[in-house]
Amino acid sequence: MLRDKHNLVDDFPEYQERIQTLKQTDESFRNLAREYHEVEHQVRGLEMQSVPTTDAHYEALKMKRVQLKDAIFNQLSKGVA
């Protein structure tokens with residue numbers, strides 16, 4: 001089932017500038033964003049190409065994406081009033 005893209009800037013438009021700044025200045029954030037992008041790419045690939053996989057694998061990827069997104073949001077909102 002094809003779903004909307006889960007691009008960080010699309011998901012957090014109010015943090016667009018902060019996302020770009022942190023990607024350039026914070027290695028930890030950059031690594032989280034890179035991993036999120038990779039997992040999102042895998043999920044989208046499964047959705048768009050109907051690649052055979054187990055439900056458990058697909059659900060695990062989606063759960064990982066949610067966990068990474070939560071960690072990213074925590075970093076984005078840290079120190080923002």
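Residues numbered from 1 in each chain as written. Predicted model: local features only at pLDDT ≥ 70, side-chain atom pairs only at ≥ 80, totals over all residues. Heavy atoms only, no water.

### Details of the overall build of the protein chain
So the rule is basically this: Helix numbering and strand numbering both begin at the N terminus, where a helix is a DSSP run of H or I of at least 4 residues and a strand a DSSP run of E of at least 2. When accessible area is computed with a 1.4 Å probe and restricted to protein chains, residues below 20% of their type maximum are described as buried, those above 50% as exposed, and intermediate ones as partly exposed. In this description, contact between two residues means that some pair of their heavy atoms is separated by no more than 4.5 Å. For every accessible area listed, the method is Shrake-Rupley and the probe measures 1.4 Å; residues are considered covered only by the protein chains on display.
Of the regular secondary structure elements, the protein chain holds four helices and zero strands. In sequence order, the protein chain lays out its α and β elements as α-α-α-α. For the protein chain, the proportion of its 81 residues judged to be buried stands at 30%. The long-range share in the protein chain, meaning contacts at least 24 apart out of those at least 6 apart in sequence, stands at 69%. Accessible surface, the protein chain as shown: approximately 5,700 Å² in total, 50% of it carbon and sulfur.

### Regarding the nonpolar core
Heads up, the rule is: Buried Ala, Val, Leu, Ile, Met, Phe, Trp, Tyr and Cys residues form a nonpolar core when they are joined through side-chain atoms within 4.5 Å.
By size, the foremost hydrophobic cluster in this structure holds 17 residues, and its most contacted members are Leu8, Phe12, Ile19, Phe29, Ile72 and Leu76. Going through the elements one at a time, helix 2 (16-25), helix 3 (27-49) and helix 4 (55-77) are the ones with two or more residues in this core. Among the elements that line this core, the one with the most residues is helix 3, at seven residues. Contact partners of Ile19, with chain neighbours within four places excluded, come to Leu8, Val9, Phe12, Phe29 and Leu76.

### Notes on the pattern of salt bridges
Rules: Salt bridge, as used here: a side-chain nitrogen of Lys or Arg that lies within 4 Å of a carboxyl oxygen of Asp or Glu.
Applying the stated rule across the entire model yields four salt bridges. Residue Glu35 is joined to Lys64 by a salt bridge in which the shortest nitrogen-to-oxygen separation is 3.4 Å. Residue Glu35 is found in helix 3, and its partner Lys64 is found in helix 4; the two are separated by 29 residues along the sequence. Residue Glu40 is joined to Arg65 by a salt bridge in which the shortest nitrogen-to-oxygen separation is 2.6 Å.

### Things to note about the packing of aromatic side chains
Which entries qualify depends on this criterion: Two rings belonging to Phe, Tyr or Trp (six-membered ring only in the last case) form a pair when the distance between their centres is within 6.5 Å. Interplanar angles under 30 degrees mark stacking, angles over 60 mark edge-to-face geometry, and anything in between is tilted. Placement of a charge over a ring requires the Lys NZ or Arg CZ to be within 6 Å of the ring centre, with the centre-to-atom vector within 35 degrees of the ring normal.
One pass over the full model with this rule turns up three aromatic pairs. Pairing Phe12 with Tyr15 gives two aromatic rings, centres 6.4 Å apart and planes at 70 degrees, and the pair type is edge-to-face. Overall, the relative accessible area of 8% leaves Phe12 in the buried class. On the accessibility criterion, Tyr15 (13% relative accessible area) is buried. An aromatic cluster of at least three residues, connected via ring pairs, comprises Phe12, Tyr15 and Phe73. The ring centre of Phe12 lies 5.8 Å from the NZ or CZ of Lys69, which sits over that ring.

### As for the environment of Glu40
The condition is simple: Two N or O atoms count as a polar contact when they lie within 3.5 Å, although within protein this holds only if one can serve as hydrogen donor and the other as acceptor, and sequence-adjacent residues are included solely when both atoms are side-chain atoms.
Within the secondary structure layout, Glu40 lies in helix 3. Accessibility expressed as a relative area gives 8% for Glu40, which makes it buried. Taking C-alpha positions, Glu40 is 9.3 Å from Lys64, a pair spaced 24 residues apart along the chain. Here the side chain of Glu40 touches Arg65 through a polar contact of 2.6 Å, side chain to side chain.

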